[in-house]
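Coordinates in review
Next come the chains, spelled out residue by residue.
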Amino acid sequence: MDIGVVLQTTPPAARVIDLAKRAETYGFSHVWTFDSHILWEEPYVIYSQILNETRNIVVGPMVTNPATRDWTVTASTYATLNEMYGNRTVCGIGRGDSAVRVTNGKPTTLATMRDSINVIRELGCGRSVDYNGSTITLPWAAKSELEVWGAGYGPKALKMIGETCDGFILQLADLSITEWMINAVRTAASDAGRNPDDITMCIAAPAYVGPTEDLPYMRDQCRWFGGMVGNHVADIVTRYGDAAPVPQALTDYIKGRQEYDYNEHGQSGNTHTTFVPDEIVDRFCILGPIEAQMEKLNALKALGVDQFAVYLQHDGKDHTLQQYGEHVIPALREQAVARQ
């Protein structure tokens, strides 16, 4: 199992770049960032500096969207970074959340997301694509390679991801929900004539390493995440009603949800996430000592998870990064060697 890290591009950018460099030193495989150009700094500019100061780390957004950027510009950006630093980018994409909502926009349709995936990936891999009635290509990008990983929760989104994407991003670490959603993606891939094993399964959630007696504090630091996930779940409930065809555990907890302030999006201490119960924080995140981290990571791996990406939006960034680098990643490597 690979271990990635998810950062916010909160200024100063030098801090983000430093965390990314340290992540590579510790053996992390990916550095992901939020992509919300109003709430935080522009990620693609920062990616260039991260790639310049590292050797192997792969960078990408968790996640971009089809609405706020022209798809051809997005593809050209990845292809340019790949030309400059080798093929070390990945495009995580969803329908749109904070990046569109802060300007009173709405998430795109799944049909638009599907079309954008095709355009971004084909151009990002140096291939031709039909776009707005023309056949276009990036003639200088023949050596570029780009994977597109889709993020989603609803049944139609999971079906589309299984049919089209190179990877699946699920932003929560609940075991039962993870199993259900991975199976849905794999089934869709198989039904579409694809090999489900070709789709990389990535789970992203906050991890906070600390002693068991500090669990109440760690929960409060990570409660924001349940609120963020709740935004997407609320969209599903709005579309399908209380009988939404997703696990009931995913919809029950948002019944106390009220309005959400995106100015506090992704922040510990978010005052609009008090409705999230402790049980959901424990299920969605990985909190506690190294032993607890390993137990849940191994359970996720048994469900077919290929990468766990650590959200570091809490006050234990440096400690958790270090503990994963010095204990979790080496332990996972030792397990992999032992199985060979």
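Look up: the structure comes first, before these words.
Here is a short report on the structure shown in this document.

Cut-off values and rules
- Sequence positions are assigned chain by chain, starting from 1 and proceeding in written order.
- The model is predicted, so local features are restricted to residues of pLDDT at least 70 and side-chain atom pairs to those at 80 or more, both for listing and for counting; the totals for chains, interfaces and linings are taken over all residues.
- To get the side-chain values, take all heavy atoms of the structure and skip hydrogens and water.
- Put simply, DSSP marks the helices as runs of H or I at least four residues long and the strands as runs of E at least two long, and each gets a number from the N terminus on.
- Every radius of gyration here is taken over C-alpha atoms, with the globule rule written as 2.2 Å times N^0.38, N being the number of residues.
- Per-residue accessibility, obtained with a 1.4 Å probe over protein chains only, is compared with the maximum for each type, and a residue is labelled buried under 20%, exposed over 50%, and partly exposed between these values.
- Whether two residues touch is decided by their heavy atoms; if any such pair falls within 4.5 Å, the residues are in contact.
- Residue burial considers only the protein chains on display, and all accessible areas are found by Shrake-Rupley using a 1.4 Å probe.
- By this definition, two strands are paired if DSSP reports at least two bridges between them.
- Axis definition: a line fitted to C-alpha atoms, over the contacting stretch in the case of helices. Angles run 0 to 180 degrees between N-to-C directions.
- Reported orientations rely on four angle classes, namely roughly parallel under 35 degrees, roughly antiparallel over 145, roughly perpendicular from 65 to 115, and oblique for the rest.
- Put simply, a crossing is left-handed when the front helix is turned counterclockwise from the back one by less than a right angle, and right-handed when it is turned clockwise.
- Charged residues are taken to be Asp, Glu, Lys and Arg, nonpolar residues to be Ala, Val, Leu, Ile, Met, Phe, Trp, Tyr, Cys and Pro, and polar residues to be all remaining types, Gly included.
- Nine residue types can take part in a nonpolar core, namely buried Ala, Val, Leu, Ile, Met, Phe, Trp, Tyr and Cys, and a core is a set of them joined through side-chain atoms within 4.5 Å.
- Salt bridges, as used here, are contacts in which a Lys or Arg side-chain nitrogen is within 4 Å of a carboxyl oxygen on Asp or Glu.
- Whether two aromatic rings pair depends on their centres lying within 6.5 Å, for rings of Phe, Tyr and Trp, where Trp uses its six-membered ring; planes under 30 degrees apart make the pair stacked, over 60 edge-to-face, and the rest tilted.
- Residue count minus one, scaled by 1.5 Å, sets the expected span of a helix.
- Think of the arc as the fan of directions from the helix axis to the C-beta atoms.

Remarks on the overall build of the chain
A count of helical and extended segments in the chain gives twelve helices and eleven strands. A compact globule built from 340 residues would reach a C-alpha radius of gyration of about 20 Å, and the chain, at 19 Å, matches this within 12%. C-alpha atoms of the chain, sized along the principal axes, occupy 60 × 45 × 45 Å. Here the chain holds 340 residues, and 55% of them are scored as buried. The contacts in the chain between residues at least 6 apart in sequence include a share of 74% that link residues at least 24 apart. When the accessible area of the chain is evaluated, it comes to approximately 14,200 Å², of which 47% is carbon and sulfur surface.

Description of the side chain of Arg 219
Within the fold, Arg 219 resides in helix α8 (residues 215-240). Apart from residues lying up to four places away in sequence, Arg 219 is in contact with Asp 278, Val 281, Asp 282 and Leu 287.

A closer look at the pairing of strand β11 (residues 307-311)
Among the five residues that make up β11, five are buried, leaving the element largely enclosed by the rest of the structure. Sheet topology note: the strand β1 (residues 2-7)/β11 ladder contains five bridges and is parallel. When the bridges of β11 are listed, Asp 2 appears paired with Gln 307. Note: strand β9 (residues 200-209) against β11, five bridges, orientation parallel. Its bridge partner being in β11, Ile 203 is matched across the sheet by Phe 308.

Quick word on the packing of helix α1 (residues 13-26) against helix α2 (residues 43-52)
Packing of α1 against α2 brings their axes to within 10 Å, and their N-to-C directions diverge by 45°. Relative to α2, the element α1 lies oblique. The chirality of how α1 crosses α2 is right-handed. In this structure, α1 contributes Ala 13, Val 16, Ile 17 and Ala 20 to the contact, and α2 contributes Ile 46, Gln 49 and Ile 50. Partitioned by chemical class, the residues of the contact of α1 with α2 number six nonpolar, one polar and no charged.

Section: the nonpolar core
Formed by 106 residues in total, the largest nonpolar core has its most connected members in Phe 28, Met 62, Phe 168, Phe 225, Phe 284, Phe 308 and Tyr 324. Look past the residues within four positions of Phe 225 in its chain and what remains in contact with it is Gln 171, Leu 172, Ala 204, Ala 205, Pro 206, Phe 284, Cys 285 and Tyr 311.

Side note on the pattern of salt bridges
Applying the stated rule across the entire model yields 16 salt bridges. Between Arg 186 and Asp 197 there is a salt bridge, and its shortest N-O distance comes to 2.9 Å. A residue pair is termed long-range when its members are at least 10 positions apart, and Arg 186 in helix α7 (residues 175-191) and Asp 197 in the loop between α7 and β9 qualify at eleven residues. Among the charged side chains, a salt-bridge network with shared partners connects Arg 15, Asp 18, Arg 22 and Asp 318.

A look at the packing of aromatic side chains
All told, the structure shown has nine aromatic pairs when counted by the stated rule. With centroids separated by 4.9 Å and ring planes inclined at 70°, the aromatic side chains of Phe 34 and Trp 40 adopt a geometry described as edge-to-face. Taken individually, Phe 34 and Trp 40 each receive the classification buried, so the pair is uniform in this respect. Judged by centre distance (5.5 Å) and plane angle (85°), the rings of Tyr 44 and Tyr 78 are edge-to-face. Of the two residues, Tyr 44 is situated in helix α2 and Tyr 78 in helix α3 (residues 71-85); the sequence distance between them amounts to 34 residues.

Quick notes on helix α6 (residues 155-164)
For an α-helix the count is 3.6 residues per turn, leaving residues at separations of three or four pointing the same way. All buried positions along α6 are accounted for by Ala 157, Leu 158, Met 160, Ile 161, Gly 162 and Thr 164. For α6, the elements touching its buried residues are α5 (110-124), β7 (147-151), β8 (167-170) and α7.

Brief notes about the environment of Ile 46
Looking at where Ile 46 falls in the secondary structure, it is placed in helix α2. Considered as a pair, Ile 46 and Ala 173 are 127 residues apart in the sequence and their alpha carbons are 28 Å apart. When sequence neighbours within four positions are dropped, the list of residues in contact with Ile 46 reads Thr 9, Ala 13, Val 16, Ile 17 and Glu 41.

Points about α3
Between its first and last C-alpha, α3 extends 21 Å over 15 residues, near the 21 Å set by a 1.5 Å rise per residue. Regarding α3, the residues found buried are Trp 71, Thr 74, Ala 75, Tyr 78, Ala 79, Leu 81, Asn 82 and Tyr 85. In a view along the axis of α3, the buried residues occupy a sector of 160°, so they form one face of it. Immediately downstream of α3, the backbone of Gly 86 shows phi near 85°, a positive value.

Points about the packing of helix α11 (residues 290-302) against helix α12 (residues 317-339)
In the contact formed by α11 and α12, the axes pass within 11 Å of each other and the chain directions differ by 45°. Between α11 and α12, the crossing angle belongs to the class labelled oblique. Judged by the sense of rotation from one axis to the other, the crossing of α11 with α12 is right-handed. In contact with Ile 290, Gln 293, Met 294, Leu 297, Asn 298 and Lys 301 of α11, α12 contributes Gln 323, Tyr 324, His 327, Val 328, Ala 331, Leu 332, Gln 335 and Arg 339. Among the residues making up the contact of α11 with α12, the classes are represented as seven nonpolar, five polar and two charged.

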